[in-house]
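# Topology and contacts: notes
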Amino acid sequence: MGESSAGAFSLTFTGQGAGTGPLTWAQSVMWGPMQWFGKEANQFNISRALVLPEPVAPDRLTAVLRHLVETHQTLRTRYVQRADGPRQEVAATGTYDVVVVDDQGDPARVGGELVATLTEAAFDHEAQWPLRVGCARDRAGRISAVALVGSHLAFDGWAFTTLTDVLLDRLTGAAPAAGPAPDAPSPAVAPSADRVPQPLAQAAFQQSAAGQQTSRAGLRHWEQGLSAAPASMFDLPAAPTGDQPIERHLLDSTAVTAAATALATRTRTSFSTVLLGLTTLILTAYNGHRTAVFKLIAGNRLDRDSRDLIALNTLDALLVHRVDDDVDLLTAIRNLHRPAFDAYRRAQCDPAEVRRVVERVGRRRGVAFDLSAYFNNGHRGSDWATPDPDPGPDRLAVLRRDSRYSRLEPLSKSDMRFYVAASNLGDGRCRLGLLVDTAYLPGALGETVIRGIETLLCAAVTEQVRVAEIAGRIGLTPARRGTDWVSTPAGWVRPQAVADLVGEVAGGAPAAALVDPAGDGGVTVYVAAPEGSPRELHRRVLDALPGRTGVAAPAGYVICRSAPPAGAAPDAWRDAPVLARGSGRDA
């Protein structure tokens, strides 16, 4: 952090509403990735540096921080693994340590450096509070900047922005708020509008009869969508990668804001729908799908309680949408609006039950779902201020000259293979973020995609763009599959890989896959496995599917007494002596 003397001070707190309870649904969604990433979970840390317009006395910062910690359970919560599962444990008392550094006459720079330092490590949620606080002081000992870093297990963007805005307001207002924290809502009811909403109460409501009724409605949406979804958006030949295959791209653009705002007005949809539409269309143009399946990051802060909740509140929404490539881009955006709305509306459901639905529908359809394509409109609210609500081509060209493309350091792993996020930087600038797994989007495809979103948005403002033209418009070369791939109701599969899998689970038995040319691409596998049965083979195939792309259970199994002679054509299996045949599914 440069040449600055560092120290720390501690503040103690005493808050109400201490207790323990299950994780909220949103916390449960984030818990798994946090455990899986381990030390690399620091990539999820949320941070902000606040430069104060006028320095304040240290005791003012202490008073404001203490009040916030005592008021909001999240700031005094630890997340722990217990015998009955992960829990949130809220403390009544404790201590916060605040890092202090000299501002060296440049609080903005030093505050930013302090944020970077505090962001470096992942949170130890069993031992640490989910918020790290630091501050910079001037030569008179006054606080000139505050650095805040939060864990994504405790905060989403909305909650963290709310927290930092409140902190800044109280530091710069006439007098900081003080006094005891309001009583926490009773855990037996939904959070009340006249009290501070708390995550323990939210978790209790979600376990209640009313919460479970909401969950069941969401689960029906998931089951219906998955019944028609492809198994994966990445049923593609995998490319070789290095040890850091996950690329991250950024594009800061006022042209995106202006063009997407104009298109939202023309289509009578929303900024989010416009960006989501472009995202789905570009990915399906690349992977050759007619149906897209995405997880949408859903905040759903639609009432006062959820808006005021200082806690993680995002869940995964499921979007399954049939793409029509015989329409123009604006029509495609309009067609997406209702399915996207329904996906967000039905996001509130128990993630443990969602996992069971995904597993159940997958086994029924003979697939292991890979739901690793994501979209996140991270802007708080629906107002994207732009000085150009209806720009022409010349103005868009000027705006595009100011666009800034950059890349972050790559990652060694991610539970996402494709992720597009939009955030509002202010001053009319939209930041598009893109994460891609280069095993499935290799070479320069990441930059092509993120720049292509901007290109298509601007083109659609001034001319008609057909969906079928998307790849050519942005210089995107669609993925190439060999003739040994076929399109099935489950997505694209390679029949030989299906046969290899059946042979593998049959103990290395010879096997061959035959495709019915008059059917829907369903694959039948012939296998020389005298000891097996279609039902047993199917169960073993289902158990072996997770983690494999371009493979699905065959539509039927034919168990033969012996394999055709070596060198015989695949059709020779049709004449092999048959012991049993069937789908392997329940009747």
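Residues numbered from 1 in each chain as written. Predicted model: local features only at pLDDT ≥ 70, side-chain atom pairs only at ≥ 80, totals over all residues. Heavy atoms only, no water.

Our next topic: the packing of aromatic side chains. Tallied over the entire structure, the rule returns 8 aromatic pairs. Pairing Trp36 with Phe37 gives two aromatic rings, centres 4.8 Å apart and planes at 80 degrees, and the pair type is edge-to-face. Its relative accessible area of 43% is what places Trp36 among the partly exposed residues. Here Phe294 and Phe418 contribute two aromatic rings whose centre-to-centre distance is 6.2 Å and whose plane-to-plane angle is 80 degrees, an arrangement assigned as edge-to-face. Remark: Phe418 occurs in strand E14 (residues 418-426) and Phe294 occurs in strand E10 (residues 291-298); sequence separation between them is 124 residues. (Phe/Tyr/Trp six-rings, centres within 6.5 Å; stacked < 30°, edge-to-face > 60°. Buried < 20%, exposed > 50% of the residue type's maximum accessible area, 1.4 Å probe, protein only. Helix = DSSP H or I, 4+ residues; strand = E, 2+ residues; numbered from the N terminus.)

Before going further, it helps to examine the nonpolar core. Counting residues in hydrophobic clusters, the biggest one holds 110 residues, and the most contacted among them are Leu275, Phe294, Phe418 and Leu457. The contacts of Leu275, once residues within four sequence positions are left out, are Val256, Ala260, Phe375, Ala422, Leu432, Ile453 and Leu457. Counting 44 residues, the second-largest nonpolar core is a separate cluster that includes Tyr79, Leu153, Phe155 and Leu163. (Core = buried A, V, L, I, M, F, W, Y, C linked by side-chain atoms within 4.5 Å. Contact = heavy atoms within 4.5 Å.)

Our focus in this paragraph is the sheet that holds E10. Here 7 strands make up an open sheet; going across it, the order is E11-E10-E12-E14-E15-E9-E13 and the pairing mixed. Of all the strands in the sheet, just strand E11 (315-322) and strand E13 (404-411) have a single pairing partner and so form its edges. This sheet shows a mean twist of 20 degrees between the axes of neighbouring strands, independent of strand direction. Summarising the sheet, E10 and E11 pair through 8 bridges and their orientation is antiparallel. Note on E11: the bridge partner recorded for Lys295 is Leu318. (Pairing = 2+ DSSP bridges. Axes fitted to C-alpha atoms, helices over the stretch in contact; angles between N-to-C directions.)

Moving on, we come to the sheet that holds strand E4 (residues 77-82). Strand pairing in a sheet relies on backbone hydrogen bonds, with the paired strands running either antiparallel or parallel. What the 3 strands build is an open sheet, ordered E2-E5-E4; its pairing is antiparallel. The open sheet is flanked by strand E2 (19-22) and E4, the only strands paired with a single partner. Each neighbouring strand pair of the sheet contributes to a mean axis angle of 30 degrees, computed without reference to strand direction. The pairing of E4 with strand E5 (residues 85-90) spans 6 bridges and is classified as antiparallel. Along E5, the bridge assignment pairs Val80 with Arg87. Together, E4 and E5 form the strand contacts of helix H1 (residues 25-37), whose direction differs from that of E4 by roughly 65 degrees.

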